[in-house]
Amino acid sequence: MPGQFDGRVAMVTGGARGLGYAMAQSLASHGADIALADRLQSVTDAAQTLAQDSGRRVIGIPTDVTDEASVAAAFTRVADELGTARLLVNAAGVAMVEPALDVTAQQWRWLIDVNLTGTFLMCRDFARAAIAAGVEAAIVNVSSMSGFIVNVPQQQAAYNASKAGVSMLTKSLAIEWIDQGVRVNAIGPGYFASDMTKTVAEEQPDMAAFWNSRTPMGRMGQPEELGELIAYLLGDHSRYVVGQTILIDGGYTSV
């Protein structure tokens, strides 16, 4: 619904490019003012582009979601420049394809830190601010179908575990915070034409062809196909949806 987020501020991590930016575009088209948070310095340029294209207030904040001080500073800036964030999308994430026998402790901690700890820190500080301000708020975390299945042929135990953790974190926070006005859900994308999968498709076309062959729709999802699901889960029409991870995978996990 155009205008459903008028007067609300949305924060999107991983928002400098790819799926995160596409989700931010959708929220802006529904009337939200946007704070893009990303470790990439290009987040400021992305914010300028989105502001010009959407006509909304948009800021870009270089943010390390694994660092408490960086996360706290990001929320302080959002409050100062846009107001209290009432919508949060946690799209920041990394992937690693590596046989489990070869994964080092350092690699494991890096991936879990970004995908799971970073999601938690963003959720925690967002909820603190919303509850303190006395406003109703909503969160969508980006999990993955890989939190529910072992999708082959790539070996990615650490990634799968991190995304399963995001889905359980989503359930846990949803129950803790529902009576405080903060609603939490997640999405579980299948194969989407993100920057990461595009790189794989270019470097390993046989792998991409295999992914498509395993997906009943026969193709990867497009970034814009996530937008309306995100808007629904953050909006008032999904008030009774709590603690869920909604799979959006072209039917991949149904067969």
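Asks: So what about the pattern of salt bridges? Which residues, and what values?
Replies: According to the stated counting rule, one finds eight salt bridges in the structure shown. In this structure, the salt-bridge partner of Arg 56 is Asp 33, at a minimum N-O distance of 3.4 Å. Remark: Asp 33 occurs in strand β2 (residues 33-38) and Arg 56 occurs in the loop between α2 (43-54) and β3 (58-62); sequence separation between them is 23 residues. Residue class for Arg 56 comes out partly exposed when judged on its relative accessible area of 25%. Salt bridges linked by common partners bring Glu 68, Arg 124, Asp 125 and Arg 128 together as one network.

Asks: Tell me about the packing of helix α3 (residues 68-81) against helix α4 (residues 105-133), and please be specific about residues and values.
Replies: With their axes 10 Å apart at the nearest point, α3 and α4 run at an angle of 40 degrees to one another. Classified by the angle between their axes, α3 and α4 sit oblique to one another. Considering the relative orientation of α3 and α4, their crossing is right-handed. Counting all contacts with α3, which are made through Glu 68, Val 71, Ala 72 and Phe 75, the residues of α4 involved are Leu 121, Met 122, Arg 124, Asp 125 and Phe 126. Grouping the constituent residues of the contact of α3 with α4 by class yields six nonpolar, no polar and three charged.

Asks: Help me get a handle on a nonpolar patch on the surface, residues and values and all.
Replies: Judged by side-chain polarity, Val 150, Val 152 and Phe 210 come together as a nonpolar surface patch covering roughly 250 Å² of accessible area. Structurally, Phe 210 can be placed in helix α7 (residues 205-214).

Asks: Tell me about the nonpolar core, and name the residues and values.
Replies: In terms of nonpolar packing, the biggest core is built from 33 residues, with Leu 27, Ile 34, Leu 36, Ile 187 and Leu 234 touching the most fellow members. Elements with a minimum of two residues in this core: β1 (9-13), α1 (18-29), β2, α2, β4 (85-90), β5 (137-142) and α8 (227-234). With six residues, the top contributor of residues to this core is α1. Not counting residues up to four positions away in its chain, the partners in contact with Ile 34 are Ala 10, Ala 24, Leu 27, Ala 28, Leu 50, Arg 57, Val 58, Ile 59 and Leu 82. Grouped together as the second largest cluster of nonpolar side chains are 29 residues, Ile 61, Ala 74, Leu 82 and Val 184 included.

Asks: Requested: an account of the pairing of β1, with residues and values cited.
Replies: Remember that side chains alternate between the two faces of the sheet whenever the strand is regular. Of all five residues in β1, five are buried; the element is thus mostly enclosed. Pairing analysis gives five bridges linking β1 to β2, with the strands arranged parallel. Within β2, the residue paired with Met 11 across the bridge is Ala 35. One crossover worth recording links β1 to the parallel β2 by way of α1, and it is right-handed. Strand direction decides the pairing type here: β1 and β4, joined by five bridges, are parallel. When the bridges of β4 are listed, Met 11 appears paired with Leu 88.

Asks: Give me the lowdown on the packing of α4 against helix α5 (residues 157-177), citing residues and values where you can.
Replies: Closest axis-to-axis distance for the α4/α5 pair is 9 Å, and the angle between their directions is 15 degrees. Of the possible angle classes, the one that applies to α4 and α5 is roughly parallel. Where α4 crosses over α5, the two elements pack in a sense that is right-handed. Of α5, the residues touching α4 (which contributes Trp 108, Leu 111, Ile 112, Asn 115, Leu 116, Thr 119, Phe 120, Cys 123, Arg 124 and Ala 127) are Ala 157, Ala 158, Tyr 159, Ala 161, Ser 162, Lys 163, Gly 165, Val 166, Leu 169, Leu 173 and Trp 177. Classifying every residue of the contact of α4 with α5 by side-chain character gives 15 nonpolar, four polar and two charged.

What counts, and at which threshold
Residues numbered from 1 in each chain as written. Predicted model: local features only at pLDDT ≥ 70, side-chain atom pairs only at ≥ 80, totals over all residues. Heavy atoms only, no water. Salt bridge = Lys/Arg side-chain N within 4 Å of Asp/Glu carboxyl O. Helix = DSSP H or I, 4+ residues; strand = E, 2+ residues; numbered from the N terminus. Buried < 20%, exposed > 50% of the residue type's maximum accessible area, 1.4 Å probe, protein only. Axes fitted to C-alpha atoms, helices over the stretch in contact; angles between N-to-C directions. Parallel < 35°, antiparallel > 145°, perpendicular 65-115°, else oblique. Left-handed = near helix turned anticlockwise from the far one by under 90°. Contact = heavy atoms within 4.5 Å. Nonpolar A, V, L, I, M, F, W, Y, C, P; charged D, E, K, R; others polar. Patch = residues over 30% accessible without salt bridge, like charges linked within 9 Å, V, L, I, M, F, W, Y side chains within 5 Å. Areas by Shrake-Rupley, 256 points an atom, 1.4 Å probe, with all protein chains shown as cover. Core = buried A, V, L, I, M, F, W, Y, C linked by side-chain atoms within 4.5 Å. Pairing = 2+ DSSP bridges. Right-handed = clockwise from strand over helix to strand, strands pointing away.

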